[in-house]
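Summary of the model geometry
Next come the chains, spelled out residue by residue.
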Amino acid sequence: MKPAAVVSTGLLARRSLAAIALLLALGVAPLATAPAFAEEVPSPRAGTSPTGEVSPTGEVTPTGEASPTGEVTPTDEASPPAPGPGSGSEAPEPSPSPDAPTTLEEPAPSEPAEASEPPAPTFTVSGAIGAKWLGMGGAAGVLGEPISKEYCAESGLCQQKFEGGLIYWTSTDGAQAVLSKTGHTGPAFFTGGGLAVFGYPVGDETTVPGGTLQKFSSGKLLVWNGTEVFRIWSRGAIGGFWAALGSTAGLGVPLSNETCGLRNGGCYQSFSRGTIYWSPATGARFVRGAIQTRWKSVGAQDSVMGYPVTSEICGQPASGCLQRFQGGNIYWSPGSGVWVVRGAIGGQYAAAGANRGLLLYPLSNEKCAGGKCIQNFQGGFIGWEGHAGTRIYSKGTECQKLNNGKSKFPTYGANRVLLTVARDYKVSRSTSIYCKSLAGTYVPDWKTDSYVGASGFKPPGVPSGPTRYLFSPTGSFSVTEAFGLGNPGTKLAYRTLNPRSRWGGNPWTPTYNKYFESSSWVGWDENMWYFATRSTHDYRQGVVINYNRPNIVQNAGFAIFLHMNKVPTAGCISLDDWAVLDYIRKSAPGDRIIMGTYRDLFR
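Residues numbered from 1 in each chain as written. Predicted model: local features only at pLDDT ≥ 70, side-chain atom pairs only at ≥ 80, totals over all residues. Heavy atoms only, no water.

Considerations on the side chain of E526
Inclusion rule: Put simply, DSSP marks the helices as runs of H or I at least four residues long and the strands as runs of E at least two long, and each gets a number from the N terminus on. Between buried and exposed lies partly exposed: a residue is buried under 20% and exposed over 50% of the maximum accessible area for its type, with that area taken using a 1.4 Å probe on protein chains only. Charged residues are defined narrowly, with Lys and Arg counted positive, Asp and Glu counted negative, and His plus the chain ends left uncounted. A pair is scored as a salt bridge if a Lys or Arg side-chain nitrogen falls within 4 Å of a carboxyl oxygen belonging to Asp or Glu. Pairing of N or O atoms within 3.5 Å defines a polar contact, subject to two protein rules: one partner must be a possible hydrogen donor and the other a possible acceptor, and residues neighboring in sequence count only if both atoms are side-chain atoms. Residue contacts follow a heavy-atom distance rule, with two residues in contact if any of their heavy atoms lie within 4.5 Å.
For E526, the position within the fold is in strand β34 (residues 526–527). Buried charge without a salt bridge: E526, with R534 as the nearest opposite-charge side chain at an N-O distance of 9.0 Å. A polar contact of 2.6 Å, which involves the side chain of E526, links it to the side chain of Y539. Every residue in contact with E526, bar those within four places of it in the chain, is listed here: T467, S501, R502, W503, W521, F531, Y539, F558, A559 and F561.

Structure (structure tokens):
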């Protein structure tokens, strides 16, 4: 049985009195017949509903039209009958009486009848909609008085309009309200297209972490984030992914509507705890926090990184996270920060075990200059050179001290630096580390044992003196020329030795500490041809170390070379043949040799 109707009271008594007065004034005149939609529509639980249509304003209308204000205006509303013969509304005009006076006298004024106010319509609220209305406080609540009857469509959707909004009902979702004057999602529903755009509500506006939310039958949601209301389509890729992540409990409330037209047909929507990106090639993935900031700093989807192909993957070693993108990966850990790894360096990093290998996490993005790139990792470096590909470089050498400010001697921006280090004074055995610069970072090309002067190093600033004392100088010296029995291929100026090749060793002579040619061997001059061709082949290949050159101080020292025959020397550096050849082939003018004891070279 249909529940009893709920009637709005208010001015009911006064309106009833006015109606009685009107009936008395009409007398026996026939009453207009009320239209069919003016009758009370059965409640949603009472059975079949009258036919109706859905208007774009969000209201269910009977078979009539919606006014520009969005109110229902049925076309079959009864109108008062038009006056006409026999209607009882007009009397026949009387004939003049023969006794009537020949002059018309103005009739005496009569008291005007008191105008009566037409009765305001009253609407009942019943059934499930009535129960919902009463549950929300009735006429004293946020919905206020009803201002329409209950209308239903053949689809089974019913509605009733109130001063503060609408209540919709379906057998599936029951009665739900949309508020037009209070709340946050309701006003956005009405201004955004109402029922035609969103469908009917499947729940009231509810409080969620960060704001409020209301769901509609189209799959669209309206969410208020404390400042603005945005839309989410739960049946779309982004909205569905947001819901799968826990909706507002996951990525939070939206900070934008879904925006499309990105590169390669992509879309995105921002939320309070991250952003969801979608593209046809990658699907929907979220990006957030430090990884999102780093991705955006390199150009986001418009860069070589492209779109994310996974969401953030945490639980990595050292409490780290990573995220994979079309063009590379981004790694983060508390101890290393957040950095991009990509390209050939990224491939080498992955082959070495990535963040689970010896290299651990990256400490920088890759740096490139002059066709060379390098990236710093916790456990070493990965360098790339176009002609040689990628290579892993250790940090456990003295080359790193050229990067971190612990070298006491400058490199002057040299492309390559040979460090030759003895553990102390009076020690001729040394270690030579060949450091090369990749995009401004020095890494070890190779490391080998070597010898210096048989008497070891002199302290910084102290001349090594004549070669007969067997001391090597301490300092940073440039390299500009090489010599030997045949050019192995070098960018240095190369001199091919001959039987007349000499190096001046006699102070206060024009040839002191210089190359010259002579058929004689005088005093302390060196016969370079002799040392190149004897069985120990010291000068078969060699490099001039510019100690006491070009500003020559007499008797301060001469003929300081890098050469073959790895034995203690008279002040030079001696290496294995392979190391000398490799050095000559790779060096260029401006490269340097830094030599001395460990404590004199490094902080």
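Description of the nonpolar core
Our working definition: Here the nonpolar core consists of buried residues drawn from Ala, Val, Leu, Ile, Met, Phe, Trp, Tyr and Cys, with membership extended through side-chain atoms lying within 4.5 Å.
Counting residues in hydrophobic clusters, the biggest one holds 26 residues, and the most contacted among them are V543, L562, I573, Y583 and I593. Going through the elements one at a time, β27 (416–422), β30 (475–484), β35 (541–545), α9 (577–586) and β38 (591–597) are the ones with two or more residues in this core. It is α9 that contributes the most residues to this core, four residues altogether. Those residues in contact with L562 that sit more than four places away from it in its chain are L418, Q541, G542, V543, I545, I573, L575 and Y583.

Examining the layout of surface pockets
Going by this rule: In the cavity and pocket records, a cavity denotes points on a 1 Å grid over the protein atoms alone where a 1.4 Å probe fits but cannot get out, a pocket denotes an open set with protein on both sides within 12 Å along at least 5 of 7 lines, and lining residues are residues with an atom within 4 Å of a point. Grid points are joined across faces, edges and corners, and a volume is the space filled by probe spheres set on the points. Note on residue classes: Ala, Val, Leu, Ile, Met, Phe, Trp, Tyr, Cys and Pro are nonpolar, Asp, Glu, Lys and Arg are charged, and everything else, Gly too, is polar.
Taken as a whole, the second largest pocket holds about 270 Å³ of empty space. Lining the second largest pocket we find 17 residues, and of these E526, F531, R534, Y539 and A570 sit closest to its centre. Split into classes, the residues belonging to the lining of the second largest pocket amount to eight nonpolar, five polar and four charged.

Overview of the state of the cysteines
To keep it simple, the criterion reads: When two cysteine sulfur atoms lie within 2.5 Å, the pair is treated as a disulfide.
Evaluation of the coordinates by the stated rule reveals five disulfides. Each sulfur of the disulfide joining C260 and C267 lies 2.0 Å from the other. Here the disulfide of C260 and C267 is right-handed, its torsion about the S-S bond being about 110°. For C368, the disulfide goes to C373, at an S-S distance of 1.9 Å. Between C368 and C373, the S-S torsion sits near 115°, and that sign places the bridge as right-handed. According to the relative accessible area criterion, C368 is partly exposed, its value standing at 45%. Look at C373 and you get buried, because its relative accessible area is 10%. Each bonded cysteine of the protein is numbered by sequence order, and under that numbering the disulfide pairs are 1-2, 3-4, 5-6, 7-8, 9-10.

Here we look at the pattern of salt bridges
According to the stated counting rule, one finds 16 salt bridges in the structure shown. Among the salt bridges present, the one from R391 reaches D445, with a minimum N-O distance of 3.0 Å. In this pair, R391 is assigned in strand β26 (residues 389–393) and D445 in strand β29 (residues 441–451), connecting sequence segments 54 residues apart. The salt bridge partner of R549 is E481, with a shortest N-O separation of 3.1 Å. On the criterion of sequence distance, the pair formed by R549 in the loop between β35 and β36 (561–563) and E481 in strand β30 is long-range, its members being 68 residues apart. With a relative accessible area of 15%, E481 lands in the buried category.

With respect to the sheet that holds strand β12 (residues 211–215)
Keep this limit in mind: Strands pair, by our definition, only if DSSP identifies at least two bridges between them. Whenever a helix is involved, its axis is fitted only over the stretch in contact; in every case the axis is a line through C-alpha atoms, and angles between N-to-C directions fall within 0 to 180 degrees.
If you walk across this open sheet you meet the four strands as β11-β12-β13-β14, and the pairing is antiparallel. Here the strands that pair on one side only, and so sit at the sheet edges, are β11 (206–208) and β14 (229–233). Each adjacent strand pair in this sheet contributes to an overall mean axis angle of 30°, direction not counted. Pairing analysis gives three bridges linking β11 to β12, with the strands arranged antiparallel. By the bridge assignment, T206 is partnered in β12 with L213. Contacts from helix α5 (residues 237–244) reach β12, β13 (220–224) and β14, with the element oriented near 95° to β14.

Side note on the sheet that holds strand β22 (residues 337–342)
Reading across the sheet, the four strands line up as β19-β20-β21-β22 and stay open at both edges, with antiparallel pairing between neighbours. Only two strands of the sheet have a single neighbouring strand rather than two, namely β19 (313–316) and β22. On average, adjacent strands in this sheet sit at an angle of 25° to one another, irrespective of strand direction.

Some words on the environment of S270
Position of S270 relative to the elements: it lies in strand β16 (residues 267–271). What makes S270 buried here is its relative accessible area of 16%. Sequence spacing of S270 and F286 is 16 residues, and the spatial spacing of their C-alpha atoms is 9.4 Å. Ignoring sequence-local partners within four residues, the contact set of S270 consists of P254, L255, S256 and T275.

Examining the packing of aromatic side chains
Filter applied, for reference: Any pair of Phe, Tyr and Trp rings, taking the six-membered ring for Trp, is counted once the centres come within 6.5 Å. Such a pair is stacked with planes under 30 degrees apart, edge-to-face with planes over 60 apart, and tilted for the rest. When the NZ atom of lysine or the CZ atom of arginine is within 6 Å of a ring's centre and also within 35 degrees of its normal, the charge is said to sit over that ring.
For the structure on display, the rule yields 27 aromatic pairs. Plain terms: the ring middles of F189 and F198 are 5.8 Å apart, the flat faces sit at 40° to each other, and that makes the pair tilted. As far as burial versus exposure is concerned, F189 and F198 are alike and both buried. Ring centres of W242 and F271 lie 5.8 Å apart, and the angle between their planes is 15°; on these two criteria the pair is classed as stacked. Of this pair, W242 sits in helix α5 while F271 sits in strand β16, placing them 29 residues apart in sequence. The class of W242 is buried, set by a relative accessible area of 2%. One residue, K395, lies across the ring of F381, its end atom 5.3 Å from the ring centre. Across from the ring centre of Y515, 3.9 Å away, lies the NZ or CZ of R495, which sits over that ring.

Considerations on the side chain of E398
Counting through the fold element by element, E398 comes out in the loop between β26 and β27. No salt bridge is formed by the buried E398. Its closest oppositely charged neighbour is K447, at 4.3 Å. With residues up to four places along the chain from it excluded, the contact list for E398 reads L419, I433, K447, Y598 and F602.

Remarks on the environment of T533
Take T533: it is sitting in helix α8 (residues 528–533). For T533 and L485, which are 48 residues apart along the polypeptide, the C-alpha to C-alpha distance reads 8.6 Å. Of the polar contacts made by the side chain of T533, one reaches the backbone oxygen of W529; its length is 2.8 Å.

Some details on the pairing of strand β18 (residues 283–287)
Sheet analysis places strand β17 (residues 274–279) next to β18, joined by five bridges and oriented antiparallel. For S279, the partnering residue across the bridge sits in β18 and is G283. Hairpin connection of β17 to β18: three residues between the antiparallel strands.

Some words on α5
What counts, and what does not: In this description, the arc belongs to the directions extending from the helix axis to the C-beta atoms.
Of the positions making up α5, those classed as buried are I238, G239, F241 and W242. All buried residues of α5 lie within an arc of 165° about the axis, which places them on one face of the element. In this structure, the buried residues of α5 make contact with β12, β13, β14, β16, β17 and β18. Remark: G246 follows α5 within two positions and exhibits a positive phi of approximately 110°.

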